[in-house]
Amino acid sequence: MKIYNNINVNNIYDMYKSANANALKSKANKIDKVEISDNASKISKSFAEYDKLREEKVQDIKAKVDSGNYNIKCDDIAESIIKGAIFDKKV
């Protein structure tokens, strides 16, 4: 197929080039942005506080176990086992 030096073909090609150049400019001006909602920030802070409290509890129990002062009631253990078994059945 031959394309002769036609004015319409050249005009279409020029429009295509300018449209691509404009598209590239608009893409270059766009910046990706991430915004975290207030609720997500609150949840993140809550997890951080929970981790801190949990670590304190673990260290306290560890110190009691090491010193031999950690005592658990057998009733509490049995109750936890039963609650876990009931919960597992519901799930």
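Residues numbered from 1 in each chain as written. Predicted model: local features only at pLDDT ≥ 70, side-chain atom pairs only at ≥ 80, totals over all residues. Heavy atoms only, no water.

Visitor: Go over the overall build of the chain, please, and point to the residues and values.
Guide: Of regular secondary structure, the chain possesses three helices and zero strands. Put simply, the chain runs from its N terminus to its C terminus through helices and strands in the order α-α-α. Looking at the chain as a whole, 0% of its 91 residues are labelled buried. Of the roughly 9,400 Å² that the chain leaves accessible, carbon and sulfur atoms contribute 57%. (Helix = DSSP H or I, 4+ residues; strand = E, 2+ residues; numbered from the N terminus. Buried < 20%, exposed > 50% of the residue type's maximum accessible area, 1.4 Å probe, protein only. Areas by Shrake-Rupley, 256 points an atom, 1.4 Å probe, with all protein chains shown as cover.)

Visitor: I'd love a proper account of the environment of aspartate 60, names of residues and values included.
Guide: The topology assignment puts aspartate 60 in helix H2 (residues 38-67). Aspartate 60 sits in the partly exposed class, given a relative accessible area of 41%. Taking C-alpha positions, aspartate 60 is 9.7 Å from tyrosine 70, a pair spaced 10 residues apart along the chain.

Visitor: So what's going on with the confidence of the model for the chain? Residues and values would help.
Guide: In the predicted model, the chain carries a mean pLDDT of 79, and 76% of its residues have values of at least 70. Mean pLDDT across the secondary structure elements of the chain bottoms out at helix H1 (residues 7-29), with 67, and peaks at H2, with 90. (pLDDT = per-residue confidence, 0-100.)

Visitor: I'd love a proper account of a nonpolar patch on the surface, names of residues and values included.
Guide: On the surface, a nonpolar cluster with roughly 530 Å² of combined accessible area is contributed by Ile61, Val65, Tyr70, Ile72, Ile77 and Ile81. Contributions of two or more residues to the nonpolar patch are made by H2 and helix H3 (74-90). Tracing the backbone through its elements, the reader meets isoleucine 77 in helix H3. What makes isoleucine 77 partly exposed here is its relative accessible area of 40%. (Patch = residues over 30% accessible without salt bridge, like charges linked within 9 Å, V, L, I, M, F, W, Y side chains within 5 Å. Salt bridge = Lys/Arg side-chain N within 4 Å of Asp/Glu carboxyl O.)

Visitor: Lay out H2 in plain terms, naming residues and giving numbers.
Guide: Look at H2: 44 Å from first C-alpha to last across 30 residues, which is about the 44 Å you get at 1.5 Å a residue. One or two positions beyond H2, positive phi appears at glycine 68, with a value near 85°. (Expected span 1.5 Å × (residues − 1).)

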